[in-house]
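# Analysis of the macromolecular model
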Amino acid sequence: MIDVKAIGKSIVEKVENTEARLDERTCGRIIYSGDGIIHVSGLSDVKYNELLEIEGGYHALALNLEEDSVGAVLFSGEDKVRYGDFVYTTGKTVQMPVGEEMLGRIVDPLGNPLDGLADIKTKEMRPVEFPAPSIMDRGKVNKPLQTGILAIDSMIPIGRGQRELIIGDRQTGKTAIAVDAILNQKGENVICIYVSIGQKASSLAKIITTLHNADAMKYTCVVCSTADDDAPLQYLAPYSGCALAEYFMYQGKDVLIVYDDLSKHAVAYRTMSLLLKRPAGREAYPGDVFYLHSRLLERAAKLSEEKGGGSITALPIVETLAGDISAYIPTNVISITDGQIYLESELFNSGIRPAVNVGLSVSRVGGSAQRAAIRQISGQLRVNLAQYRELAIFMQFGSDLDAETQKTLSRGAKMTDTLKQRQYLNYSVKEMIVLLAVSQSELVDKIPERKMSAFVEGLLDYLHINYAALLDSIDPDKKLPDSQKEEIFRAAEEYIDCSLGEENTQKNAEAEEQDSSEN
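What you see is a predicted model, and the numbers here were worked out from it, not measured in a lab.

A few words now on the UniProt feature "binding site: ATP" (unreviewed entry) in the chain. Look at the UniProt record and you will see "binding site: ATP" (unreviewed entry) annotated at G168, D169, R170, Q171, T172, G173, K174 and T175. Structurally, K174 can be placed in helix 3 (residues 174–183). Setting aside chain neighbours within four positions, we find K174 in contact with I166, I167, G168, D169, I317, V318, E319 and L343. Within polar-contact distance, the side chain of K174 engages the backbone oxygen of D169 at 2.8 Å. Along the polypeptide, T175 turns up in helix 3. Here T175 is in contact with Y194, I207, D260 and I317, once residues within four sequence places are set aside.

So this is what it looks like as structure tokens:
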């Protein structure tokens, strides 16, 4: 007699003890491996940007879907992966762990901690590539994001949900502006994400130390891929940072994300594309390099109130060569963003820092989000500075100048000095209103040009000590009434008389001492 039950029980046991194996459609073999690139045959159902798993625990990203093979870039194990190794599809794209636990941490683009602290355990994962919010899901950019930098907040204001490009040659203070903006979000209920792409580890360490010293890491996460990381990790870094930012945005929170910098990001993508034998276009970049950045920056948005009202404000950084903003990558990113802050080497070297070129810098959105008092006072600031620059060029010809022109030149030079600002010295909105009001009044005619920078810092200290109530009474969201302006001018005049009086007394004493020594 055949025992059917025993046979059935035996089959069930064998099925249960059989290890789960991927079917033939989801398994392929490496037919080429070199320079961090692999070509795999036998994968018939792989998707673009899918995460592939290689035996030995290594991972790769599928980028080229060809007729008879798949081209992929390795995240790790470049010297371990060999010809003939098995490759399996996962059905997943690259994902980034997201959550409050990421704040205060330094992670790589895959979410692994790099700060030597405990492992990060988050409850959620987000795909690093995600569709940008639709037009109907977006709201109006109407709330300012204060950077604490007078030249930017007065003339090139940034709104929450805006994408403002920071562009300039190397060593012109691009990263300094971005770090200042992060430091200024303390107490502003804004979460910050700093994405480092292809930077030197030493430079990144200085930035992280600055954030730690200013107690800014509490609300900041650093996503970094240094210069010695493989190109795929540098390519992935900004998308990973954006995925983390989106997690907070869809919770209704405001996020500031800095991409430092997208020039190196484009170079990493070009390296991968050329190794994958994609056709090269202008400056050897692949044809889809515009889409590379547009799909990233379009994810920065201000959501409508129905969607929670959260926002991502993006500050992408692009490095130029010899001030050439008409190069391929700069023009691409300029056309995607809502304005740019252009930093000039000549201004930086002449001591004007931040070295913002007012003529080439613009904010296409922030004006509608600017504080009412600042918008009222800084309305003529751009025009006055442009007029001063023209006269300064004209003066080089050595023409005789009338008194009115000399006054315009003097006031322009003093206004330029007012806009100079030491790194990590951020102004509050009320301090900016006072400085803008005083520096555009007739009071500055009493101050020598060489004393203007010292006067600015001294005036703020004087007001905080003697006129704290006046500062507190200023409402940045309403136009500054004439009575309040007069109070500010009186306080400033009092400080001018006090400071210049001491200087004149000192000069007289020095003159008397010199006369007595001569006698």
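Across all of its chains, the model carries 21 salt bridges by this definition. Between E298 and R138 there is a salt bridge, with its nearest N and O atoms 3.7 Å apart. Of this pair, E298 sits in the loop between helix 7 (289–297) and strand 14 (311–319) while R138 is found in the loop between strand 9 (124–127) and helix 2 (150–155), placing the two residues 160 residues apart along the sequence. The exposure class of E298 is partly exposed, given its relative accessible area of 31%. Across the salt bridge formed by R160 and E188, the nearest N and O atoms sit 3.9 Å from each other. Placement of the pair is R160 in the loop between helix 2 and strand 10 (165–168) and E188 in the loop between helix 3 and strand 11 (190–199), with a sequence separation of 28 residues. On the basis of relative accessible area, R160 is assigned to the buried category, the value being 5%. Judged by relative accessible area, E188 falls into the partly exposed class, the value being 37%. Connected through shared salt-bridge partners, R138, R163, E298 and D338 make up one network.

Mapped onto this numbering, the UniProt entry gives "domain: ATPase F1/V1/A1 complex alpha/beta subunit nucleotide-binding" (unreviewed entry) at residues 148–363. Annotation note: span residues 148–363, helix share 39%, strand share 20%, distance between end C-alpha atoms 16 Å.

This part is about the packing of aromatic side chains. Counting across every chain of the model gives 7 aromatic pairs. When the ring of Y247 is compared with that of F248, the centres are 5.1 Å apart and the planes differ by 75°; the resulting orientation is edge-to-face. The class of F248 is buried, set by a relative accessible area of 0%. Aromatic pair Y462 and Y495: ring centres 5.2 Å apart, planes at 45°, arrangement tilted. With Y462 in helix 14 (residues 452–466) and Y495 in helix 16 (residues 482–518), this pair connects stretches of sequence that are 33 residues apart. Here the two residues Y462 and Y495 agree in accessibility, since each one is buried. One cation-aromatic arrangement involves R126 over F130; the distance from NZ or CZ to the ring centre is 4.5 Å. The side chain of R270 reaches across the aromatic face of Y285, ending 4.4 Å from its centre.

Grouped together as the largest cluster of nonpolar side chains are 73 residues, with contacts concentrated most on L211, V222 and I341. Discounting chain neighbours no more than four positions away, the residues touching I341 are I152, I156, I158, E164, L165, I166, I167, I177, V356 and S361. Counting residues in hydrophobic clusters, the runner-up holds 60 residues, among them V223, L297, Y328 and V333.

Quick look at a nonpolar patch on the surface now. Together, I2, V4, I7, I11 and V15 make up a nonpolar patch on the protein surface, roughly 530 Å² of accessible area in all. Topologically, V4 is positioned in helix 1 (residues 4–17).

The subject of this paragraph is helix 14. Taking 1.5 Å per residue as the helical rise, helix 14 with its 15 residues ought to reach 21 Å, and the 20 Å between its terminal C-alpha atoms agrees with that figure. Of the positions making up helix 14, those classed as buried are M452, F455, V456, G458, L459, L460, Y462 and L463.

Once that is clear, we can look at the sheet that holds strand 2 (residues 37–41). Pairing is antiparallel in the closed barrel, where 6 strands are placed in the order 1-2-5-4-3-6. The mean angle between the axes of side-by-side strands here comes to 45°, regardless of whether they run parallel or antiparallel. Summarising the sheet, strand 1 (residues 27–34) and strand 2 pair through 5 bridges and their orientation is antiparallel. Residue R29 lies in a different strand from strand 2, and its bridge partner there is S41.

Mapped onto the elements of the fold, A386 is located in helix 11 (residues 381–395). Classification of A386 as partly exposed rests on a relative accessible area of 39%. For the pair formed by A386 and G359, sequence separation is 27 residues and the distance between their alpha carbons is 7.4 Å.

The subject of this paragraph is the confidence of the model for the chain. Residues with a pLDDT of 70 or more make up 94% of the chain, whose mean pLDDT is 90. Mean pLDDT across the elements of the chain ranges from a minimum in helix 16, with 72, to a maximum in strand 14, with 98.

With that settled, the discussion passes to helix 12 (residues 403–419). Given a rise of 1.5 Å per residue, 17 residues ought to cover 24 Å, and the 24 Å separating the end C-alpha atoms of helix 12 matches this to within 8%. When we look at burial in helix 12, the residues that qualify are T405, L409, S410, G412, A413, K414, M415, T416, D417, T418 and L419. Taken together, the buried residues of helix 12 touch helix 2, helix 11, helix 13 (429–439) and helix 14.

Further remarks concern the environment of G308. Along the chain, the position of G308 falls in the loop between helix 7 and strand 14. Residue class for G308 comes out partly exposed when judged on its relative accessible area of 39%. Expressed as a C-alpha distance, the spacing of G308 and G139, which sit 169 residues apart in the sequence, is 10 Å.

Across the sheet, 8 strands lie side by side as 8-12-11-13-14-10-15-16; this open sheet has mixed pairing. Looking at strand neighbours, the two that pair on one side only are strand 8 (106–107) and strand 16 (362–363), the edges of this open sheet. For strand 13 (residues 254–260) and strand 14, the ladder comprises 7 bridges, and the chain directions are parallel. Residue pairing in the sheet places D260 in a bridge with I317 of strand 14.

Before going further, it helps to spend a moment on the state of the cysteines. This structure, assessed with the given rule, holds 0 disulfides. Left without a disulfide partner, C192 is nearest to the cysteine sulfur of C221, which lies 11 Å away. What makes C192 buried here is its relative accessible area of 0%. Unpaired in terms of disulfides, C224 finds its nearest cysteine sulfur in C221, a separation of 9.1 Å. According to the relative accessible area criterion, C224 is buried, its value standing at 5%.

Conventions used here
Residues numbered from 1 in each chain as written. Predicted model: local features only at pLDDT ≥ 70, side-chain atom pairs only at ≥ 80, totals over all residues. Heavy atoms only, no water. UniProt positions renumbered as here; feature names shortened; annotations may be inferred. Helix = DSSP H or I, 4+ residues; strand = E, 2+ residues; numbered from the N terminus. Contact = heavy atoms within 4.5 Å. Polar contact = N/O pair within 3.5 Å; in protein donor to acceptor, adjacent residues only side chain to side chain. Salt bridge = Lys/Arg side-chain N within 4 Å of Asp/Glu carboxyl O. Buried < 20%, exposed > 50% of the residue type's maximum accessible area, 1.4 Å probe, protein only. Phe/Tyr/Trp six-rings, centres within 6.5 Å; stacked < 30°, edge-to-face > 60°. Lys NZ or Arg CZ within 6 Å of the ring centre and 35° of its normal. Core = buried A, V, L, I, M, F, W, Y, C linked by side-chain atoms within 4.5 Å. Patch = residues over 30% accessible without salt bridge, like charges linked within 9 Å, V, L, I, M, F, W, Y side chains within 5 Å. Areas by Shrake-Rupley, 256 points an atom, 1.4 Å probe, with all protein chains shown as cover. Expected span 1.5 Å × (residues − 1). Pairing = 2+ DSSP bridges. Axes fitted to C-alpha atoms, helices over the stretch in contact; angles between N-to-C directions. pLDDT = per-residue confidence, 0-100. Disulfide = S-S within 2.5 Å.

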